[in-house]
Amino acid sequence: MAYIRLNLREMMAFRLNFTMVFFKMITGIVQFFLFWFILGGLSFDSTFNGWSFKEMGLIIAFSHLSLSVFQILSLGFYFLPYLVVHGSLDSILILPENPTKALIGRVLSPERLLTPIVSLIAVGIAYYLNPRLNPLLFLLGVILAIAGSVLENLVAMVFNLLSFWIGTMQAIVQVLNNFGVAKRFPLDGLGGATGFLLTFIVPLFFVATFPASIILQRVSVDMVMWGVAALGTLLTIWFSLFRKLWQSGLKNYQSGGSL
Amino acid sequence: MFAQLPSSLRVAIRTKMVFRLNYLFILLQLPIRVFVTVLLWDFIVGSSSQFMGLSRNQILLFVSFTAFLQFLYNTQETMIKMEQDLVQGGAVVGFTLPIDYHVKEIFEGWGDFLIYFVTGSVTLAVVISFMGITVELTLAKGLLILVLILLNTVLQYLIVSILAAAAVLVGRIGGFGSSLVGTLMFFGGAIIPLALFPQGVRDVLVLNPMSSMVDFPAMVLVSNGLDVMDIIYRLLVLVGWLLVLSLVNRRIWRVSRDRFSAPGE
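Rules and cut-offs
Residues numbered from 1 in each chain as written. Chains lettered and ligands numbered in written order. Predicted model: local features only at pLDDT ≥ 70, side-chain atom pairs only at ≥ 80, totals over all residues. Heavy atoms only, no water. Helix = DSSP H or I, 4+ residues; strand = E, 2+ residues; numbered from the N terminus. Buried < 20%, exposed > 50% of the residue type's maximum accessible area, 1.4 Å probe, protein only. Contact = heavy atoms within 4.5 Å. Areas by Shrake-Rupley, 256 points an atom, 1.4 Å probe, with all protein chains shown as cover. Buried area = accessible area lost by both parts, 1.4 Å probe. Salt bridge = Lys/Arg side-chain N within 4 Å of Asp/Glu carboxyl O. Polar contact = N/O pair within 3.5 Å; in protein donor to acceptor, adjacent residues only side chain to side chain. Nonpolar A, V, L, I, M, F, W, Y, C, P; charged D, E, K, R; others polar. Axes fitted to C-alpha atoms, helices over the stretch in contact; angles between N-to-C directions. Parallel < 35°, antiparallel > 145°, perpendicular 65-115°, else oblique. Left-handed = near helix turned anticlockwise from the far one by under 90°. pLDDT = per-residue confidence, 0-100. Phe/Tyr/Trp six-rings, centres within 6.5 Å; stacked < 30°, edge-to-face > 60°. Lys NZ or Arg CZ within 6 Å of the ring centre and 35° of its normal. Core = buried A, V, L, I, M, F, W, Y, C linked by side-chain atoms within 4.5 Å.

## A few points about the overall build of chain B
Step number 1: When its secondary structure is counted, chain B shows 11 helices and 2 strands.
Step number 2: Ordering the α and β elements of chain B from the N terminus gives α-α-β-β-α-α-α-α-α-α-α-α-α.
Step number 3: Taken over 265 residues, chain B has a buried fraction of 51%.
Step number 4: Here the contacts in chain B between residues at least 6 apart in sequence split such that 80% fall between residues at least 24 apart.
Step number 5: Total accessible area on chain B stands at roughly 12500 Å², and carbon and sulfur atoms take up 68% of it.

Next up, the structure:
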């Protein structure tokens, strides 16, 4: 809360900028919808490879949800390589609190917290567009979408942690981010190497396509069980890796002042 | 002015080679962006050979080339850097130099631009040939695209420069700049080719400066036969924006310089 209060005070010094950031968030999500609306010949009844515009609303909402998870969970780690390379991680480590919380907290501003609000609006719109959805399945889908987004962000966080050993890593994380466009459209038709890549290596399939498919009952129960198991396994693997690297990275770290 | 180009290039190459691995990954972003964009449009177009008046090959070539252009312009990062310099008072170095700060910045940026242009072009050529996308590139088309990229680099620079100078007047402006640039980019062909918009809307959108930066060069590349009148019209729009923004830039920098203060003053 202290971080949020501090960041709020800073933001209020630039009110116009803050308003525009919020405007950008709204236009960002509107553009997602507009994209498919224009390509559907300005119609809500268009279909793309078996997915209707209204069903695509779920994909759009869940892909935005992953942005919210990024803002809250992994944005602090996005700046980590810079702090490590410049030997200025001390500014975090000297704080009387857990370094993970401090790293996440220092960038946690009300501006960042607006993103989940926009995501929730998008999820609400997606629900409204598909009125015959089973509420329980919808809830399960939202939970799985959040879990998928956490997994996606954990992968990026692990790569950021490699900066303790390799140095500047932001370009590698940017490479991962460039895959990010793929979560904005259904990935269920992908097979072969591309399908494997976007399911297990850069696990974008679990961000939007998988939860949306469950909500829309496009997959069999077997597939749901298989998908949940795979998601759980991947989350466990990447979280263990994250913990291990974060702990040994902190031990390995040398600040500018300790040289 | 161009005498400083070789030294700028040398400095840029030396800087890149300090972080070779990082630079390699920066380059790798382009093929991945092209790959994912082509994947997306493959999904949209489906198995049909035509989509809303454009052939499958034209669409895939268009979106690959716009990915390259965006990689090249990299507008927002430059803007953030300039804004930070100005708001945090770092621009005092630029203001005290005998040449204008923004001219100095252009020199510094030239080396980076040339490296990204050459390596990016080669990477793009390899990726699109690997994906089976065909290109009909004539000498006239190539020269026109080259001229457009150069003019648009100036246009992009002017937009960044104006927004950065405005930061001196109104404080932090990154949110405003990125939302403006993002919206203009969306309606400038960066996400959807303008040819896929309804005719009436398209006629308005070609007046958007970002359509000169992205949609115009990409359409020149994918067009089977160039419509000379259309090219002249869009060139006039581009030159018009360059003139208007040059005047605004000159004016806003004068005002900003008068009001600028930095630590140490």
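Alright, that's what it looks like, and here's the rest.
## A look at the interface of chain B and chain A
Step number 1: Of the residues lining the interface, 37 residues belong to chain B; the matching set on chain A comes to 37 residues.
Step number 2: Summing both partners gives a buried area of about 3300 Å² for chain B against chain A, and 76% of it is carried by carbon and sulfur.
Step number 3: The interface formed by chain B and chain A includes 0 salt bridges.
Step number 4: If you look at where chain B meets chain A, you find 1 residue pair in polar contact (both at pLDDT 80 or more).
Step number 5: When contributions to the side of chain B that touches chain A are tallied by element, the ones reaching two or more residues are α2 (20-45) and α8 (174-186) of chain B.
Step number 6: In terms of residue count, the dominant contributor to the side of chain B that touches chain A is α2 of chain B (15 residues).
Step number 7: Here the residues of the side of chain B that touches chain A sort into 25 nonpolar, 10 polar and 2 charged.

## Considerations on the side chain of Thr153 of chain B
Residue and element names in this part refer to chain B.
Step number 1: As for its placement among the helices and strands, Thr153 is situated in helix α7 (residues 139-170).
Step number 2: Within the structure, Thr153 has its side chain in polar contact with the backbone oxygen of Ile149 (distance 2.5 Å).
Step number 3: Leaving out residues up to four positions away in the same chain, Thr153 has contacts with Tyr73 and Phe113.

## Looking at the packing of helix α8 (residues 135-161) of chain A against helix α13 (residues 221-252) of chain A
Each pair of packed helices can be described by the angle between their axes along with the distance between the axes.
Residues and elements named next belong to chain A.
Step number 1: Running from amino to carboxyl end, α8 crosses α13 at an angle of 30 degrees, the nearest separation of the two axes being 9 Å. By the angle class used here, α8 and α13 are roughly parallel. Of the two possible hands of crossing, α8 and α13 adopt the one that is left-handed. Note on element contacts: α13 touches α8 through Val228, Leu231, Leu234, Leu235, Trp238, Phe239, Leu241, Phe242, Leu245 and Trp246, opposite Leu144, Ala147, Gly148, Val150, Leu151, Leu154, Val155, Met157, Val158, Phe159 and Leu161.
Step number 2: Classifying every residue of the contact of α8 with α13 gives 20 nonpolar, 1 polar and no charged.

## Side note on the confidence of the model for chain A
Step number 1: Averaged over chain A, the pLDDT score is 85; the fraction of residues at 70 or greater is 90%.
Step number 2: When the elements of chain A are averaged for pLDDT, helix α1 (residues 2-12) of chain A gives the smallest value, 64, and helix α12 (residues 209-215) of chain A the largest, 95.

## Overview of the packing of helix α10 (residues 170-179) of chain A against α2 of chain B
Step number 1: Relative orientation of the contacting elements α10 of chain A and α2 of chain B amounts to 0 degrees, with a least axis distance of 8 Å. Here α10 of chain A is positioned roughly parallel relative to α2 of chain B, judged by the angle of their axes. Counted together, Gln170, Ala171, Ile172, Gln174, Val175, Asn178 and Phe179 of chain A of α10 of chain A and Asn22, Phe25, Ile26, Leu28, Gln29, Ile32, Arg33, Phe35 and Val36 of chain B of α2 of chain B form the full contact between these two elements.
Step number 2: Of the residues in the contact of α10 of chain A with α2 of chain B, the class split is 10 nonpolar, 5 polar and 1 charged.

## Description of the pattern of salt bridges
Step number 1: A full pass over the atoms with the stated rule returns 4 salt bridges over all chains.
Step number 2: In this structure, the salt-bridge partner of Glu152 of chain A is Lys183 of chain A, at a minimum N-O distance of 2.9 Å. Here the residue Glu152 of chain A occupies a position in helix α8, and Lys183 of chain A occupies one in the loop between α10 and α11 (192-201), the gap between them amounting to 31 residues. Each of the two residues, Glu152 of chain A as well as Lys183 of chain A, counts as buried.
Step number 3: Here Arg234 of chain B and Asp215 of chain B are joined by a salt bridge, their closest N and O atoms 3.0 Å apart. Remark: Asp215 of chain B occurs in helix α10 (residues 209-222) and Arg234 of chain B occurs in helix α11 (residues 228-259); sequence separation between them is 19 residues.

## Comments concerning the side chain of Gln58 of chain B
Residue and element names in this part refer to chain B.
Step number 1: Topologically, Gln58 is positioned in helix α3 (residues 56-73).
Step number 2: A distance of 3.1 Å separates a polar atom in the side chain of Gln58 from the backbone nitrogen of Ser55.
Step number 3: If near-sequence neighbours (up to four positions away) are discounted, Gln58 is found in contact with Val222, Ser223 and Asn224.

## So, the packing of aromatic side chains
Residue and element names in this part refer to chain A.
Step number 1: Overall, the coordinates contain 26 aromatic pairs over all chains when judged by the stated rule.
Step number 2: Judged by centre distance (5.3 Å) and plane angle (70 degrees), the ring pair of Phe77 and Phe242 falls under edge-to-face. With Phe77 in helix α3 (residues 53-78) and Phe242 in helix α13, the pair connects residues that are 165 residues apart, well separated along the chain.
Step number 3: Assessed through its relative accessible area of 6%, Phe242 is described here as buried.
Step number 4: Between the aromatic rings of Phe77 and Trp246, the centroid separation amounts to 5.2 Å while the plane-to-plane angle is 70 degrees, which identifies the pairing as edge-to-face. Here Phe77 is found in helix α3, whereas its partner Trp246 is found in helix α13, with 169 residues between them in sequence.
Step number 5: Grouped by ring-pair contacts, the aromatic residues Phe77, Phe164, Trp165, Phe239, Phe242, Trp246 and Tyr253 constitute a single cluster.
Step number 6: Lying across the ring of Trp51, Arg218 places its NZ or CZ 3.9 Å from the centre.

## Concerning unusual backbone geometry
Step number 1: One non-glycine residue, Gln217 of chain A, adopts positive backbone phi at about 55 degrees.
Step number 2: Of note, Gln217 of chain A is situated in the loop between α12 and α13.
Step number 3: Even without being glycine, Met52 of chain B reaches a positive phi, approximately 50 degrees.
Step number 4: Owing to a relative accessible area of 36%, Met52 of chain B belongs among the partly exposed residues under this scheme.

## Focus: the environment of Leu163 of chain B
All names here are of chain B.
Step number 1: Secondary-structure assignment places Leu163 in helix α7.
Step number 2: The buried category is assigned to Leu163, whose relative accessible area is 7%.
Step number 3: Taking the C-alpha atoms as reference points, Leu163 and Ile252, separated by 89 residues in sequence, lie 9.3 Å from one another.

## Re the nonpolar core
Step number 1: Counting residues in each nonpolar core, the largest one holds 155 residues, and the members touching the most others are Trp36 and Phe62 of chain A together with Trp41 and Ile44 of chain B.
Step number 2: Of all the elements, α2 of chain B adds the most residues to this core, at 15 residues.
Step number 3: Those residues in contact with Phe62 of chain A that sit more than four places away from it in its chain are Val123, Gly141, Val142, Ala145, Ser149, Val207, Ala208, Pro211, Ala212 and Ile215 of chain A.

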